[in-house]
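# Tertiary structure, described
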Amino acid sequence: MANKTSKRERKKMFVLFKHSIKRNMSINIIYLCFLVIGLPILQLIIRLNKKMFVFDVVDDFQEFYEEISVGIASYLIVSIVFIFSTIIASMTFRYLHQKRQEDFIESTPLKKSQIVMSKYLAIIVQVLVPLILVLILGGVLTFSWSGFLGVMHVLGLMIIMVISHITITALMFQYTGQTFTAIAMVVLLNCATPILIFLLMSMPTGILPGYVDNLPPMISAIFSPVVSFGLAVSGKGELFYIVYWIILIIAGIFLLKRASAQRKSEEAENRYVAKGLEVGAKIVVIWAAGILGGTMLYSFAELTEKSRSLIIANYILGLLVAVFISGLVLEVIINKSLKKFKSVLIIMIALVVVNVGYYFAISYDVIGYVKKVPKIEDVEAVTVSMFDTFDEDEYSVSYSDEKHKKDLLEIHNRIIETIEDKYPSGFYKLDESLLDDFDEGSKSDSPDADKNSKSGSSDADDDYNYNTPDKEEYPDEFDDEESTWDNEYFTFTYKLKDGSTLKREYSMPRSSMGMFEQDVNYKVLRNTNPKDYESYMVYENEENYGGDHGYDRKKDLKEIVNALKDDYKQYGAVKYSSECFLLCISTEEEDLKFNIPPNYDRVINTLKKQGIDIPK
């Protein structure tokens, strides 16, 4: 397709391009100074004062420094870029809302779309050139190839974010009639819409037992390039971020050219689009405020264990107050008066109805989410994952044999029974201690293990690790009978034969999962480098944990671990019983606890050979 822009027009567009940059030179200099302070200078400060930034958990300053550099580039710089790109775009496109300036600029022998595109490109250059130069310098100052590549990776993602943000801002100026309105719409897209979507996605998590949010986090940021960038740089949906926003940039440029060509000089805005944006802004803000208000008030009622009717009343009251206040304030801000309050009142009433309906649909589990447990004949495999709130890692084991699938489905069904006993009316609410008294029973993996666990004693439920709060430091919390410090999050992930998956997560005492927790610990031990073994501990029961039975002989520890692996391979995991004693293997990262029954001959003989007294 032939280029319809003549050489003379391109020359005039370039003149307008340079003029737009020249007019913003002062703000560009300030922007550059903030960027330099935000990355290179801060990097130098960190390097000159590195002793202040090195903690016990950081052995390698260079690695720590690279992480700080990339983190700064990801989060501090992006806030600077967002603020200044918005300011520069506002200064460049504000002529659209000033009749005299618009008539003067559009008197240039250029098409309106050519004028807008010249200024659009000028904004991109003003924002991106300093950003690229500063981040390249910041990457060099990491003094490592990996650090440089990390900063360049952030830069590539940030370029997409910048162009997306500038495109959206330019469109807002084209479609609205006031600079304040255009900026407000940009801020709402980047802040309010992610908050609203996040609240809608997370609300079931705080109500339905076992609920797992399987939706990708990037969905909450589909209208926000800034939040999308934050998710992408943390590794959540990076490919989607790149493809999605590049497509939107192309579509946005097409819309920008079309909107600028069709925009009438005598009208400051596109009446229909502007009205749609105004209504959309009111819906987003009032909806988010309503959910927040209702959630905050009903959460107080739940914490004080009030009745169901009072919890519902609190939610509706908080919802009504938040909706009314937000609608009132928003109307005054947008229209500078309450003359059109009737129109926003309709929106407020509709959103109250929608929010109340959404809340009841979740609280009464209209779709039957809580009670849904697959049939054993439909399950191909099941994975049990364990996540400690004090630990950063999640460990899991998978089973495809009939016995384990049957045992896990029995546990899951017992969990559902416990939940239904707690909520006989079918109305669910947040209850973190729901399964504190849940007891899985005394099942095990082998006949020998069954014999050792027939007493039905519960497993010791306190798996202390290096970053768990010290009981002496927090005596009140640990002495409280209702404390949930020892609870873990266990997740059941069923792979069904039709290709789908079903996932549920519950917080419960570790003892409730018995041998499955043991399987997880064995898997962790198998994947641990022998060099990371630090010490071991033998004790009779939980009361003697941390007593005088600790040893740090690494040579002996290696023999014990090998014996433990052999016994596990032969007999499988064992649930704790009165005939078991406890063995704790400490690694650099955590403590792994194992139940040792009488038939674990290799472990017992190895300990005896090393002169260790076996607890009675």
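Residues numbered from 1 in each chain as written. Predicted model: local features only at pLDDT ≥ 70, side-chain atom pairs only at ≥ 80, totals over all residues. Heavy atoms only, no water.

### Structural notes on the overall build of the protein
Stated formally: Helix and strand assignments come from DSSP, with helices taken as H or I runs of at least 4 residues and strands as E runs of at least 2, each series counted from the N terminus. With a 1.4 Å probe rolled over the protein chains alone, any residue whose accessible area is under 20% of its type maximum counts as buried; one over 50% counts as exposed, and the rest are partly exposed. Surface accessibility in these figures is a Shrake-Rupley result with a 1.4 Å probe; residues are shielded only by whichever protein chains are displayed.
Secondary structure summary: the protein contains 19 helices and eight strands in total. The 616 residues of the protein split such that 48% are buried. Of the roughly 31,100 Å² that the protein leaves accessible, carbon and sulfur atoms contribute 60%.

### Section: the pattern of salt bridges
To keep things clear, this is the line we draw: In the sections that follow, a salt bridge refers to a side-chain nitrogen of Lys or Arg positioned within 4 Å of a carboxyl oxygen of Asp or Glu.
Inspection of the entire model under this criterion finds eight salt bridges. Two residues, Lys 495 and Glu 380, come together in a salt bridge whose shortest N-O distance is 3.6 Å. Linking Lys 495 in strand S3 (residues 487-496) with Glu 380 in strand S1 (residues 379-387), this pair joins segments that are 115 residues apart in sequence. Residue classification places Lys 495 among the partly exposed residues on the basis of a relative accessible area of 44%. On the basis of relative accessible area, Glu 380 is assigned to the partly exposed category, the value being 37%. Several salt bridges share partner residues, and in doing so they unite Lys 275, Glu 278, Lys 282 and Glu 331 into one network.

### Description of unusual backbone geometry
Although it is not a glycine, Phe 143 sits at a positive phi angle of roughly 55°. Within the secondary structure, Phe 143 sits in the loop between helix H6 (112-140) and helix H7 (145-175). Since its relative accessible area comes to 57%, Phe 143 is described here as exposed. At Asp 365, a position not held by glycine, the phi torsion is positive, near 45°.

### Regarding the packing of aromatic side chains
Which entries qualify depends on this criterion: The rule is short: rings of Phe, Tyr and Trp, with Trp giving its six-membered ring, pair when the centres are within 6.5 Å, and they are stacked under 30 degrees, edge-to-face over 60, tilted in between. Over a ring means this: the NZ of a Lys or the CZ of an Arg is within 6 Å of the ring centre and within 35 degrees of the ring normal.
One pass over the full model with this rule turns up 20 aromatic pairs. Judged by centre distance (6.2 Å) and plane angle (65°), the ring pair of Phe 492 and Tyr 506 falls under edge-to-face. Here Phe 492 is found in strand S3, whereas its partner Tyr 506 is found in strand S4 (residues 501-509), with 14 residues between them in sequence. This pair shows no difference in class: Phe 492 is buried, exactly as Tyr 506 is. Taken together, Tyr 298, Tyr 315, Tyr 359, Phe 360, Tyr 364 and Phe 427 form an aromatic cluster joined through their ring pairs. Sitting over the ring of Tyr 369, Arg 504 keeps its end group 3.6 Å from the ring centre.

### Notes on helix H10 (residues 238-262)
The test is simple: Expected helix span is computed as 1.5 Å times (number of residues minus one). Contact criterion: two residues are considered in contact whenever any of their non-hydrogen atoms come within 4.5 Å of each other.
Helix length check: H10 (25 residues) gives 36 Å between terminal C-alpha atoms against 36 Å at 1.5 Å per residue, within 8%. For H10, the complete set of buried residues consists of Tyr 241, Trp 245, Ile 249, Gly 252, Leu 256, Ala 259 and Ser 260. Of the surrounding elements, those touching the buried residues of H10 are H6, H7 and helix H9 (225-233).

### Some words on the packing of H6 against H7
So the rule is basically this: Fitting a line to C-alpha atoms yields each axis, with helices limited to the stretch in contact; the angle taken between N-to-C directions then spans 0 to 180 degrees. Between 65 and 115 degrees an angle is taken as roughly perpendicular, under 35 as roughly parallel, over 145 as roughly antiparallel, and anywhere else as oblique. Crossings are classed by handedness, with left-handed meaning an anticlockwise turn of the near helix from the far one by less than a right angle and right-handed meaning a clockwise turn. Three residue categories are used. Nonpolar comprises Ala, Val, Leu, Ile, Met, Phe, Trp, Tyr, Cys and Pro, charged comprises Asp, Glu, Lys and Arg, and polar comprises the others, including Gly.
Packing of H6 against H7 leaves a shortest axis separation of 10 Å and a crossing angle of 160°. If you check the angle between H6 and H7, you find them roughly antiparallel. Two packed elements cross with a definite hand, and for H6 against H7 that hand is right-handed. The segment H6 lies against H7, with Val 116, Tyr 120, Ile 123, Ile 124, Val 127, Leu 128, Leu 131, Ile 132, Leu 135, Ile 136, Gly 139 and Val 140 engaging Phe 148, Val 151, Met 152, Leu 155, Met 158, Ile 159, Val 162, Ile 163, Ile 166, Thr 167, Ala 170 and Gln 174. Per-class residue counts for the contact of H6 with H7 are 21 nonpolar, three polar and no charged.

### Observations regarding a nonpolar patch on the surface
Defined as follows: In this scheme, patches are assembled from residues that exceed 30% relative accessible area and form no salt bridge. Like charges are connected within 9 Å, while nonpolar side chains (Val, Leu, Ile, Met, Phe, Trp, Tyr) are connected within 5 Å.
A grouping of Phe 180, Leu 317, Val 321, Phe 324, Ile 325, Val 329 and Ile 333 is seen on the molecular surface, where their side chains present a nonpolar patch of about 630 Å² in accessible area. Sorting elements by how many residues they give to the nonpolar patch places helix H12 (residues 308-335) first, with six residues. The residue Phe 180 is located in helix H8 (residues 179-202) in this model.

### Examining the environment of Asp 532
One can find Asp 532 in the loop between helix H17 (514-526) and strand S5 (533-539). In this structure Asp 532 comes out as partly exposed when scored by relative accessible area, which is 25%. Note: C-alpha distance between Asp 532 and Ser 586 (54 residues apart in sequence) is 8.6 Å. Filtering out sequence-adjacent residues up to four positions away, Asp 532 remains in contact with Ser 586, Thr 587 and Glu 588.

### Quick look at the pairing of strand S8 (residues 591-596)
Note the cut-off: At least two DSSP bridges between two strands are needed for those strands to be called paired.
With six of its six residues buried, S8 lies for the most part within the structure. The alternating pattern of S8 places Asp 591, Lys 593 and Asn 595 on one face and Leu 592, Phe 594 and Ile 596 on the opposite face, and all of these are buried. Relative to S8, strand S7 (residues 581-587) is paired through six bridges, and the arrangement is antiparallel. Directly across from Ser 586, in S8, lies its bridge partner Asp 591.

### As for helix H19 (residues 601-609)
As a reminder, the rule being used: Note that the arc is computed from the directions linking the helix axis to the C-beta atoms.
Within the sequence span of H19, burial applies to Val 603, Ile 604, Thr 606 and Leu 607. End-on, the buried residues of H19 take up no more than an arc of 165°, which puts them together on one face. Counted as exposed and oriented over 90 degrees from the buried face of H19: Lys 608 and Lys 609. The positive-phi residue at the C-terminal boundary of H19 is Gly 611, with phi of around 85°.

### Some details on the packing of H6 against H10
H10 packs onto H6 with a crossing angle of 135° between their chain directions and a minimal axis gap of 7 Å. Here H10 runs oblique to H6, going by the angle between their axes. For the pair H6 and H10, the crossing hand works out as right-handed. In contact with Lys 112, Ser 113, Val 116, Met 117 and Tyr 120 of H6, H10 contributes Ile 253, Leu 256, Lys 257, Ser 260 and Ala 261. Tallied by class, the residues present in the contact of H6 with H10 amount to six nonpolar, two polar and two charged.

### Regarding the environment of Lys 112
Along the chain, Lys 112 turns up in helix H6. Look at Lys 112 and you get partly exposed, because its relative accessible area is 25%. Through-space distance from the C-alpha of Lys 112 to that of Arg 258 is 9.7 Å; in sequence the pair is 146 residues apart.

### Brief notes about the confidence of the model for the protein
Threshold: You can read pLDDT as the predictor saying how much it trusts each residue, on a scale of 0 to 100.
Residues of the protein with pLDDT of at least 70 account for 81%, and the chain-wide mean is 80. Mean pLDDT in the protein bottoms out at helix H16 (residues 475-479), which sits at 34, and peaks at H10, which reaches 93. Below pLDDT 50 for its whole length, residues 440-485 participates in 99 contacts with residues either more than four positions away or in separate chains.

### Looking at the side chain of Thr 606
The condition that has to hold: What qualifies as a polar contact is a pair of N or O atoms within 3.5 Å, subject to a donor-acceptor requirement within protein and to the restriction that residues adjacent in sequence count only when both atoms come from side chains.
By secondary structure assignment, the location of Thr 606 is in helix H19. One polar contact links the side chain of Thr 606 to the main-chain carbonyl oxygen of Arg 602, over a distance of 2.6 Å. With sequence-adjacent residues up to four places away left out, Thr 606 is seen in contact with Glu 559, Ile 560 and Ala 563.

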